[in-house]
Structure formats: C-alpha cells, structure tokens
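Structure at a glance
Chain by chain, the residues run as shown.
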Amino acid sequence: MVGKEKQGATGAEDLNLSFEKLMMLGGGGRSGGKVKMEGGVITDWKDIPMELLLQIVSLVDDQTVIMASGVCRGWRDAICLGLTHLSLSWCTKNMNNLVLSLAPKFTKLQTLILRQDKPQLEDNAVKAIANFCHDLQILDLSKSFKLSDDSLHALAHGCQNLTKLNISGCSAFSDVALAYLTSYCGKLQVLNLCGCVKTATDRALQAIGRYCNQLQSLNLGWCENVSDVGVMSLAYGCPDLRTVDLCGCVLITDDSVIALATRCVHLRSLGLYYCQNITDRAMYSLAQSRVKNKPAIWESVKGRNDEEGLKTLNISQCTALTPPAVQAVCDTFPSLHTCSGRHSLIMSGCLNLTSVHCACAVQAHRSPTILPPSAH
C-alpha cells in the first residue's frame, strides 16, 4: 500500500513537471529538446493526448488552467470540453472582463465560484454565464453588490440545472426577481440568502416553498423582513430541509420553529441566534418532534441513531428560554453537546441556561476522580 501511495505521489510530481515544461514550450520557450513522457517521447506540445492534458490541468491552480487554454487551439478545445470546476475568487481586478472572455469557452462548467472581496461583477458577465454555461449546477456570486434583477432573470432562463446558489450579500436583488428565479430553478438544494434583506421576504419564501421542493439548506441570516408566514411556507413546501439558519430574523415566533419541527423530519441544524420571540413552546415542539417522527428510537437507548435528529442548535441571545425546556431538547437529541470541545448546542448570552448540560458533560462531572495509591 505504501508503495502504491509513493508511486501515485511520484506520478503527480511527474505530471506537474511535465506541465511546466509543456507550458514553456507552448509559450515559445526555446528548450531545443524533447519532452519525455511515460510510454514514449513527445516532440511537439500539440501532440499531448487530451486525457493526459486534463490530468495535468487537474493538478494546477485555476490561473494556470486559464493560461494553458490560450497556448494553442488543441489545448483550448481539450480544456474547454473537459473543465467542469472553476474558481475566479483569486481575481482582484477585472473579474468582469475575465468572465466575459471565458464564459463562451468553458461551456461545460458545472461549478463556478465568483466570490469577491470587493464588487466587480456586473450584469453582462452573469448574462454571459447564463448564455453559455447551461450545465452549471453550483454558482457562488456572494458579495456581488453591483448585480441587479437582470442577472437573476438571465440565470432563470439559462441555468435551470442549478442545485446550489450563493447570493449572500447581493443587496440589490428584489424578492420579485428571486421568486421568478425559483419558478425556473426547481432543482435548487442549497440556497444562501444571508444578508439579502430586500430579497428574502415572505413573498420570496412562499415562491421557494412552491417551486423548490428539493431544498435541503437555506441561509436566511439577518433577513429582517422574514416572518412566520414565509418560514411556514418553507416548512410545508420543502419537507427535506436539513439546515435552516434564521439568525437575526427578529420577526419570527414559535410558530416558525413548530412548523419546521413538525414538517421537516430530516432537520439537522437550526440557527435561532437573536430570535428573541422564541419561547419554551418552540423547544418542547422540537423535543416532541423526535417522538412523533421516529417512535422506534425510543425502544432502547442503544438503538438511538446519532445521525438522526438535530446535531446543531444555536439559541444564543434567546433570552426568554428556560432551562427545563432547553434541557428537554438536549436530552432528546444525543448529538447536541454542551461539553468542552464539542459545542453544538450554542447558548451564549443566555445566562439563565447555565444549568443545561448534555449527557456526557453530566457523566464527566459525576465521575469520581481516581487518585493514585498512596505510598506507605
């Protein structure tokens, strides 16, 4: 096994070295020699097999991939046909022009990461993506402050295979545009709307619940216009929800949590940070949901499956909660921990919940200290 691992590492190094030599040749370097490769000698960089070129490309960064696509027509065609994942987050200047030039070439892209530290993307770049990259499944446009509703309209028509979309921080999008997008992109499984105050409204969430029935993860952090109406529409329309972040959604009440607990039986992570209208009623509904949805788990403690039920719960700053209600949730879901190093039940800012502990923390506290035998 060690020999195979060493052989694999050596192969990767060889491919990297070969790529550097080929890039030098392709860029007009005068090596005057031949590039030796396993199984023979290649005298012309145009003769590299497509499979080998794609293998080499998979080992280098995205900047080098873009450079390689400009070496010659053969390399461009091979890379454009074979490249499925691309990130341009390293680009701090002229990202918009770069996308405009690359979109017509890389038509087989399935993943495109365009996360920015400062906004560069404009609507024309997103329209180019929608026009050429019809296989796109994962798209990250976070912090694209310059984009307007035109971008979402273009994506709705050109990228209907989207399963994961991150538009967190895209503050200019309207809820009408998001509703329009969801009516075409019904395959969405992961949607990040964190900070999209204008975009994430009850109207938009009702559209998501109507069209995106496969949704599994939704981030609504700090979307202050979201209320129980929107969350309940989600819970009823998206029963496969597993991760829901409602941190900072100050309008929601227990009704939202009850709907999620009742309808979304696969719920694993719930963020309620600063949702100060949440009371014990919501906590007891979470605890009771496991009994209603998975009665078999109560047959024995050993039969409990840690993969089922809540694994993360953030109730920080939910100051109306009392210890008995939160303890009931903690006792119901064995994957929720308060012990050091495994904090998955997060309660910071709730000084009245200091008595809440998970089973392993209680056990550690009660275990007698074993002292070394005294010397006589």
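Each value, and the rule that gives it
Residues numbered from 1 in each chain as written. Predicted model: local features only at pLDDT ≥ 70, side-chain atom pairs only at ≥ 80, totals over all residues. Heavy atoms only, no water. Pairing = 2+ DSSP bridges. Helix = DSSP H or I, 4+ residues; strand = E, 2+ residues; numbered from the N terminus. Core = buried A, V, L, I, M, F, W, Y, C linked by side-chain atoms within 4.5 Å. Buried < 20%, exposed > 50% of the residue type's maximum accessible area, 1.4 Å probe, protein only. Contact = heavy atoms within 4.5 Å. Salt bridge = Lys/Arg side-chain N within 4 Å of Asp/Glu carboxyl O. Phe/Tyr/Trp six-rings, centres within 6.5 Å; stacked < 30°, edge-to-face > 60°. Patch = residues over 30% accessible without salt bridge, like charges linked within 9 Å, V, L, I, M, F, W, Y side chains within 5 Å. Areas by Shrake-Rupley, 256 points an atom, 1.4 Å probe, with all protein chains shown as cover. pLDDT = per-residue confidence, 0-100. Axes fitted to C-alpha atoms, helices over the stretch in contact; angles between N-to-C directions. Parallel < 35°, antiparallel > 145°, perpendicular 65-115°, else oblique. Nonpolar A, V, L, I, M, F, W, Y, C, P; charged D, E, K, R; others polar. Arc of directions from axis to C-beta.

**Notes on the sheet that holds strand β4 (residues 111-113)**
Here we have ten strands laid out as an open sheet, ordered β3-β4-β5-β6-β7-β8-β9-β10-β11-β12, and parallel in their pairing. The open sheet terminates on both sides in strands that have one partner only, identified here as β3 (85-87) and β12 (345-346).

**Some thoughts on the nonpolar core**
Counting 108 residues, the largest nonpolar core has Leu 270, Leu 272, Met 283 and Ile 315 as the members making the most contacts within it. The leading source of residues in this core is helix α13 (residues 323-332), at five residues. In this view, Leu 272 contacts Leu 246, Cys 247, Ile 252, Val 257, Ile 278, Met 283, Leu 313, Asn 314, Ile 315, Ser 316 and Cys 318; residues no more than four positions away in its chain are not counted.

**Structural notes on the pattern of salt bridges**
Under the criterion given, the structure shown has five salt bridges. Here Asp 77 and Arg 76 are joined by a salt bridge, their closest N and O atoms 3.4 Å apart. The class for Arg 76 is partly exposed, based on a relative accessible area of 32%. Of the charged contacts in the structure, one is a salt bridge between Asp 255 and Arg 281, with a shortest N-O distance of 3.3 Å. Within this pair, whereas Asp 255 is found in helix α11 (residues 254-263), its partner Arg 281 is found in helix α12 (residues 280-293), the two being separated by 26 residues in sequence.

**Notes on the packing of aromatic side chains**
Applying the stated criterion across every chain, the model contains three aromatic pairs. Plain terms: the ring middles of Trp 222 and Tyr 273 are 5.8 Å apart, the flat faces sit at 75 degrees to each other, and that makes the pair edge-to-face. Here Trp 222, found in the loop between β8 (217-219) and α10 (228-237), pairs with Tyr 273, found in the loop between β10 (269-271) and α12; they are 51 residues apart in sequence, far enough to count as distant. By relative accessible area, Trp 222 is classed as partly exposed at 40%. Their ring planes at 40 degrees and their centres at 6.1 Å tell us that Tyr 273 and Tyr 274 sit as a pair that is tilted. Through pairs of rings, three or more aromatic residues link up here, namely Trp 222, Tyr 273 and Tyr 274.

**Comments concerning helix α6 (residues 123-132)**
Taken together, the buried positions of α6 are occupied by Asp 123, Ala 125, Val 126, Ala 128, Ile 129 and Ala 130. On the buried face of α6, the contacting elements are α5 (95-102), β4 and α7 (149-158).

**Observations regarding a nonpolar patch on the surface**
Taken together, Trp 222, Val 250, Leu 251 and Tyr 274 make up a surface patch of nonpolar side chains, about 350 Å² in accessible area. Looking at the secondary structure, you find Leu 251 in the loop between β9 (243-245) and α11. For Leu 251, a relative accessible area of 45% translates into the label partly exposed.

**A look at the confidence of the model for the protein chain**
Summarising the model, the protein chain shows a mean pLDDT of 86, and 80% of its residues fall at 70 or more. Here residues 25-36 scores under 50 on pLDDT; set against residues more than four positions off or in separate chains, the count is 14 contacts. A low-confidence stretch, residues 296-306 stays under pLDDT 50, and its non-local contacts, those more than four residues away or across chains, total 14 contacts.

**So, the packing of α7 against helix α8 (residues 175-184)**
Relative to each other, α7 and α8 sit at 10 degrees, their axes nearing to 8 Å. With respect to each other, α7 and α8 are oriented roughly parallel. Contacts between α7 and α8 pair Asp 149, Leu 152, His 153, Leu 155, Ala 156 and His 157 from the former with Ala 177, Leu 178, Tyr 180, Leu 181 and Tyr 184 from the latter. Looking at the contact of α7 with α8, its residues break down into eight nonpolar, two polar and one charged.

**Some thoughts on α5**
All of the buried residues in α5 are Met 95, Asn 96, Leu 98, Val 99 and Leu 102. Taken around the axis of α5, the buried residues stretch over an arc of 160 degrees, which confines them to a single face. Buried-residue contacts for α5 involve α3 (62-68), β3 and α6.

**Let's talk about unusual backbone geometry**
Within the chain, Lys 143 stands out as a residue other than glycine whose phi angle is a positive 65 degrees. Considering the arrangement of structural elements, one finds Lys 143 in the loop between β5 (138-140) and α7. In this model, Gln 317 sits at a positive phi of 65 degrees, which is unusual for a non-glycine residue. Among the secondary structure elements, Gln 317 is positioned in the loop between β11 (312-314) and α13. Gln 317 gets classed as partly exposed once you look at its relative accessible area, which sits at 24%.

**What to know about the environment of Arg 210**
Considering the arrangement of structural elements, one finds Arg 210 in helix α9 (residues 202-211). By relative accessible area, Arg 210 is classed as exposed at 53%. Between the C-alpha atoms of Arg 210 and Ser 233, which are 23 residues apart in sequence, the distance is 8.0 Å.

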